[in-house]
Amino acid sequence: MSSSDWVLLARLVRPQGRKGEIIAEIYTDFPERFKERPRVFLAPPKALAPTREALIEKHWMHQGRVVLKFHGIDSINDAETLRGLDVIVPAEERVPLKDDSVYIGDLVGCRLLDVAGTQAVDVGEIIDVERNQAPAPDLLVVRPSPTEKARKVEPLLVPFAKSYLVSVDVAEKRLTMRLPEGLADLNVAEAAGEE
């Protein structure tokens, strides 16, 4: 079993309330499916398999996150034991996507290529995606390829904007974009200003 057999729905952040509720970052565009899918699995981040099965008793949205109440988790201390775990489901249970949509989890591990110039440049590996509220685009968190300039900052933040997107090849783990000139330099300049 590999990590590609599982789909990340949420990451449990911290207890929320006194009766075992826990707040989670959402990594799905279909949070309403928590109602339709009470059985999920919990695992440490980047685990190859779940550590336990869990049943969602109820859920509700709260300030751009989801609060989950699991069966048998009935106190703050119980909820604390789940902090940092991922909520996952088998890949075959995920919602089919329409058009040219892509799952965020499928982007992690892809190489980001920039074709704005005369040749494709390997920008780096996508290691995470920071979700934003619309209309702001989500941000790809990219570990830069080892170049002299890229060593000055890590990670790069790249807007996942449709206007920059050229192609996504999930099977080949490749995301091709046409990035604005100087985007990587802007990241470097911001990092230098923080020092």
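Residues numbered from 1 in each chain as written. Predicted model: local features only at pLDDT ≥ 70, side-chain atom pairs only at ≥ 80, totals over all residues. Heavy atoms only, no water.

Turning next to the overall build of the protein chain. Across its full length, the protein chain carries four helices and 12 strands. Burial statistics for the protein chain: of 195 residues in total, 37% are counted as buried. Partitioning the intrachain contacts of the protein chain with sequence separation of at least 6 by distance along the chain shows that 54% fall at a separation of at least 24. Accessible surface for the protein chain amounts to roughly 11,400 Å². Of this, 51% is attributable to carbon and sulfur atoms. (Helix = DSSP H or I, 4+ residues; strand = E, 2+ residues; numbered from the N terminus. Buried < 20%, exposed > 50% of the residue type's maximum accessible area, 1.4 Å probe, protein only. Contact = heavy atoms within 4.5 Å. Areas by Shrake-Rupley, 256 points an atom, 1.4 Å probe, with all protein chains shown as cover.)

Another aspect to go through is the confidence of the model for the protein chain. Residues at a pLDDT of 70 or more form 86% of the protein chain, whose mean pLDDT is 83. Across the protein chain, helix α2 (residues 76-80) holds the top mean pLDDT of 96, while helix α4 (residues 183-194) sits lowest at 54. Within the model, the stretch residues 189-195 combines pLDDT values under 50 with two contacts to residues more than four positions away or in other chains. (pLDDT = per-residue confidence, 0-100.)

Before going further, it helps to examine unusual backbone geometry. At Q63, a residue that is not glycine, the phi angle is positive and equals roughly 50 degrees. Mapping Q63 onto the fold places it in the loop between β4 (52-62) and β5 (65-70). Given a relative accessible area of 74%, Q63 falls into the exposed group. We note that K173 has phi near 55 degrees; this positive angle belongs to a residue other than glycine. Its place among the elements puts K173 in the loop between β11 (165-169) and β12 (174-177).

Burial of strand β3 (residues 39-43) is extensive: four of the five residues sit out of reach of the surface. With four bridges connecting them, β3 and β4 associate as antiparallel partners. Residue pairing across strands places V40 opposite A54, the latter belonging to β4. Bridge count for β3 against strand β6 (residues 86-90) is three bridges, and the pairing is antiparallel. (Pairing = 2+ DSSP bridges.)

All right, on to the sheet that holds β5 then. A barrel is described by the order of its strands in space; here six strands give the closed sequence β1-β2-β5-β4-β3-β6, paired in antiparallel fashion. Between one strand and the next, the sheet's axes are offset by a mean angle of 45 degrees, whatever the strand orientation. With three bridges connecting them, strand β2 (residues 22-26) and β5 associate as antiparallel partners. Bridge pairing links I22 to L68 in β5. (Axes fitted to C-alpha atoms, helices over the stretch in contact; angles between N-to-C directions.)

Our next topic: the pattern of salt bridges. Applying the stated criterion to the full structure yields nine salt bridges. Here D86 and R11 are joined by a salt bridge, their closest N and O atoms 2.6 Å apart. Residue D86 is located in strand β6, and its partner R11 is located in strand β1 (residues 6-15); the two are separated by 75 residues in the primary sequence. With a relative accessible area of 5%, D86 lands in the buried category. Among the salt bridges present, the one from K69 reaches E57, with a minimum N-O distance of 3.4 Å. You can see K69 sitting in strand β5 and its partner E57 sitting in strand β4, a full 12 residues away along the chain. A residue is classified by how much of its surface remains accessible, and K69, at 6% relative accessible area, is buried. (Salt bridge = Lys/Arg side-chain N within 4 Å of Asp/Glu carboxyl O.)

For soluble globular proteins, nonpolar side chains are generally found buried alongside one another. Within the largest apolar cluster, 21 residues are counted, with the highest numbers of intra-cluster contacts made by L12, L68, F70 and V87. For this core, the secondary-structure elements that each account for two or more residues are β1, β2, β3, β4, β5 and β6. Looking at this core, the element that brings in the most residues is β1, giving four residues. Not counting residues up to four positions away in its chain, the partners in contact with V87 are V7, L8, L9, A10, L12, F34, V40, F41, L42, L68 and F70. Core analysis: the next-biggest nonpolar cluster, separate from the first, contains 16 residues, C110, V123, L140 and L175 among them. (Core = buried A, V, L, I, M, F, W, Y, C linked by side-chain atoms within 4.5 Å.)

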